[in-house]
Amino acid sequence: MERQRTRLLDSLDNASVDVAIIGGGINGAVTAAALSAAGVSTALVDRGDFSSFTSQESSNLVWGGFKYLQSYEFRLVRKLSMSRNRLTEAYPSQVEPIEFLATFDDNSPYPVWLAGMGAVAYWAIGNFATDRPRVLRPSTVEKIEPVIDTSRAKGGLIYSDAYLPDNDARFTFGFVKSALDRGSLTANYTELTRADFADGWWTLHLTDVLDGSARTLRARTIVNATGPWIDQLNTQLSVTTEHRIAHSKGIHLIVPRIGSGERVFAFFDEDERLYYVIPMGERSVIGTTDTRVDDPITTVTDQDREFVLRQINARLDLDAPLTTDDVIAERCGVRPLVVGASGDHEESDWLQLSRKHEIEIDRDRGVVSIFGGKLTDCLNVGEEVLDAVAELGIATNKLDDSWFGEPPAAELARFQARIRATDHIDTDNALTLWQRYGRRANFVLDRVIEEPALAEILWDEPRYLKAEIVEIGEHEMVACVEDFLRRRTSLSLTEYGDELDDRITEISELLGITTATH
Ligand SMILES: Cc1cc2nc3c(=O)[nH]c(=O)nc-3n(C[C@H](O)[C@H](O)[C@H](O)COP(=O)(O)OP(=O)(O)OC[C@H]3O[C@@H](n4cnc5c(N)ncnc54)[C@H](O)[C@@H]3O)c2cc1C
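Residues numbered from 1 in each chain as written. Predicted model: local features only at pLDDT ≥ 70, side-chain atom pairs only at ≥ 80, totals over all residues. Heavy atoms only, no water.

Caption draft 1: Local environment of the nonpolar core. Counting residues in hydrophobic clusters, the biggest one holds 44 residues, and the most contacted among them are F171, F175, V223 and V389. L412, L433, A441 and I472 belong to the second largest nonpolar core, which has 33 residues in total. (Core = buried A, V, L, I, M, F, W, Y, C linked by side-chain atoms within 4.5 Å. Buried < 20%, exposed > 50% of the residue type's maximum accessible area, 1.4 Å probe, protein only.)

Below, the structure is given as structure tokens:
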């Protein structure tokens, strides 16, 4: 709600913190959560909504990166697999294990038996924490998922990873909320426009993007978590680094559900590159592409759409091929990939560029820069940045694993018992509410007990109660309806625009915002 945001912005003005984090994508959000849990005073700002740039455009996969074994990145795969395991264990309702079904045909760069051996190695690298992989005959692929065209298939492979069934932006917001609850000074739509360094302190000039008003904040250290914009901000801060960022554009198309919706499909495209069909409730997300771009601001082009639709239609047995009329929504973002300071790399190396992250410390100016990374890698990033600020002399408490994760199962059981004891909310809804709000699901229930009309269902599939919208409006820093539709929920990705348009006024009223857009 705008009132909450203004209050938070005002609390930033003239404040002094140990660490100011610029950028509220996954890297900034996880940094704020880890540092505030370690007793470090922090501020977190983003010039858009939290997670409104790269971190809302991912494939929603929490994975060790089986395909990175192709480029022999064993250390990276090990690190990502361990991170996946930690996330799956800590977020049992938000990070779900899921099967991948890969189909091998003429476009596959290697035979299915070799991929099968790779999958066993991948399973072992991940400490056997997922289900055992298995190689399938084409007839078994056909039987499990009849929508896959197996006429050219040479075999299939099932292995397991995890995904975010809700959405990447909401997952990211969970870290923002955790930082906020631990006292971090947090504001969206707040841009760092200038920063001056003197006597060991940074003076940050912040602009409220919504009304142009100015605030000033002092900080001993800056964490540059601006993702694709990292090099621009470092130039502004007069920081020189050993690494830079190269931008790789990736797009996804969202269409009505393909197949059972129980597993991710993997295929090789005509360039022998892997792409996926990923479940999102009653929808499927198809992607992605990997195109080198210079400008981080990108859009889906006709060529992108045509490419993705051509690939998928060639591998599915549909009554009619998918066309642009079937596309409900699109996602488009740039991966910030780490390269050397010169920024040079061979065009032929492009698809092999590592998905690793690097953290660099400028000791003279007190700046920590986070290059690259993945949603999957978020816990490692949070913990490594904590070490980096400690190296800069900021006092930090030791962290245990309680800085992240969902509340214990016993609390969920108590919440489920509360739901059962009231007549207001369908018991089937309990887990969804827990998945979305954690402990705060109790507040949603309290609202309904106080005002039973709020138990009314606003949207049926995915189900949203009116009480949830009020809760989001009051406690999730929503400044405009787009924040709600695209990031606190995924409604603008999964629902048809005209159906949403009919409800915008009602949604805005429940959120407590006066304008539908900004
Ligand atoms: C197509 C695609 C698919 C992907 N799929 C996966 C996947 O399945 N699994 C996975 O683990 N990873 C995936 N990734 C990678 C992952 O999404 C990114 O690595 C991650 O989101 C980057 O997060 P970030 O916080 O560094 O950047 P961002 O999310 O871009 O955040 C940076 C923020 O900084 C803000 N900012 C910039 N300048 C300023 C300023 N001056 N003042 C205030 N704020 C500022 C911006 O507004 C922005 O919100 C994918 C990426 C893409 C593009």
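Caption draft 2: Structural context of helix α17 (residues 504-511). Turning to α17, its buried residues are I504, I507, S508, L510 and L511. For α17, the buried positions fall inside an angular range of 165° around the axis, keeping them on one side. Summarising the geometry of α17, the exposed residues directed more than 90 degrees from the buried face are T505 and E509. Residue G512 follows α17 closely and has a positive phi angle near 80°. (Helix = DSSP H or I, 4+ residues; strand = E, 2+ residues; numbered from the N terminus. Arc of directions from axis to C-beta.)

Caption draft 3: Fine view of the layout of surface pockets. Its volume calculated, the largest pocket comes out at about 970 Å³. Surrounding the largest pocket, 50 residues form its lining, T54, S55, P228, V334 and P336 being those nearest its centre. Those elements that provide at least two residues to the lining of the largest pocket are α2 (26-37), β8 (190-198), α7 (230-236), β11 (243-256) and β16 (329-340). When residues in the lining of the largest pocket are grouped by element, the largest group, five residues, is from β16. Across the lining of the largest pocket, the residue classes tally to 16 nonpolar, 24 polar and 10 charged. (1 Å grid on protein atoms, 1.4 Å probe; cavity = no way out; pocket = protein on both sides within 12 Å on 5 of 7 lines; lining within 4 Å. Points joined across faces, edges and corners; volume = space filled by probe spheres on them. Nonpolar A, V, L, I, M, F, W, Y, C, P; charged D, E, K, R; others polar.)

Caption draft 4: Molecular detail of the pattern of salt bridges. Counted according to the given criterion, the structure contains 46 salt bridges. Across the salt bridge formed by D105 and R315, the nearest N and O atoms sit 3.4 Å from each other. Residue D105 is found in the loop between β4 (96-104) and α4 (112-125), and its partner R315 is found in the loop between α8 (302-313) and β16; the two are separated by 210 residues along the sequence. Residue D105 shares its accessibility class with R315, and that shared class is buried. The partner of R331 in a salt bridge is D168, with the nearest N and O atoms 2.6 Å apart. With R331 in strand β16 and D168 in helix α6 (residues 168-181), this pair connects stretches of sequence that are 163 residues apart. (Salt bridge = Lys/Arg side-chain N within 4 Å of Asp/Glu carboxyl O.)

Caption draft 5: Representation of the side chain of E73 within the structure. Take E73: it is sitting in the loop between β3 (61-62) and α3 (74-90). Buried charged residue E73 carries no salt bridge. Nearest counter-charge: K356, at 6.7 Å. If we ignore the near neighbours within four places in the chain, the residues touching E73 are Y68, Q352, S354 and R355. (Lys, Arg positive; Asp, Glu negative; His and termini not counted. Contact = heavy atoms within 4.5 Å.)

Caption draft 6: How the structure looks around the site of the ligand. As a matter of local geometry, the ligand sits amid 34 residues, with D46, T54, S55, L61 and G373 nearest to it. Here a nitrogen atom of the ligand sits 3.1 Å away from a polar atom, N or O, in the main chain of R47. The contact in question runs from a nitrogen atom of the ligand to an N or O atom on the backbone of S59, over 3.0 Å. In isolation the ligand offers 1,000 Å² of accessible surface; the protein chains occlude 97% of this area. (Near = heavy atom within 4 Å. Polar contact = N/O pair within 3.5 Å; in protein donor to acceptor, adjacent residues only side chain to side chain. Areas by Shrake-Rupley, 256 points an atom, 1.4 Å probe, with all protein chains shown as cover.)

Caption draft 7: View of the pairing of β16. Burial of β16 is extensive: 10 of the 12 residues sit out of reach of the surface. Note: β11 against β16, 12 bridges, orientation antiparallel. Bridging across to β16, S248 finds its partner in R335. (Pairing = 2+ DSSP bridges.)

Caption draft 8: Looking closely at a negative patch on the surface. Judged by side-chain charge, D498, E499, D501 and D502 come together as a negatively charged surface patch. Along the chain, D501 turns up in helix α16 (residues 497-501). (Patch = residues over 30% accessible without salt bridge, like charges linked within 9 Å, V, L, I, M, F, W, Y side chains within 5 Å. Charge placed at Lys NZ, Arg CZ, Asp CG, Glu CD.)

Caption draft 9: Highlighting a nonpolar patch on the surface. Among the surface-exposed residues, W113, L114 and M117 lie close enough to one another that they form a single nonpolar patch of about 350 Å² accessible area. Considering the arrangement of structural elements, one finds L114 in helix α4.

Caption draft 10: Just the packing of aromatic side chains, in detail. One pass over the full model with this rule turns up 24 aromatic pairs. Ring centres 5.4 Å apart and planes at 50° place the aromatic pair F53 and W229 in the tilted group. Of this pair, F53 sits in the loop between β2 (42-45) and β3 while W229 is found in the loop between β10 (214-224) and α7, placing the two residues 176 residues apart along the sequence. Taking relative accessible area as the criterion, F53 reaches 32% and is therefore assigned partly exposed. Look at F197 and W202: their rings are 4.7 Å apart centre to centre, the planes differ by 40°, and that puts the pair in the tilted class. Chaining the aromatic ring pairs together yields one cluster made of W63, F66, Y68, F100, Y122, Y159 and Y276. Between the NZ or CZ atom of R218 and the centre of the ring of W201, over which it lies, the distance is 4.5 Å. Sitting over the ring of F173, R488 keeps its end group 4.4 Å from the ring centre. (Phe/Tyr/Trp six-rings, centres within 6.5 Å; stacked < 30°, edge-to-face > 60°. Lys NZ or Arg CZ within 6 Å of the ring centre and 35° of its normal.)

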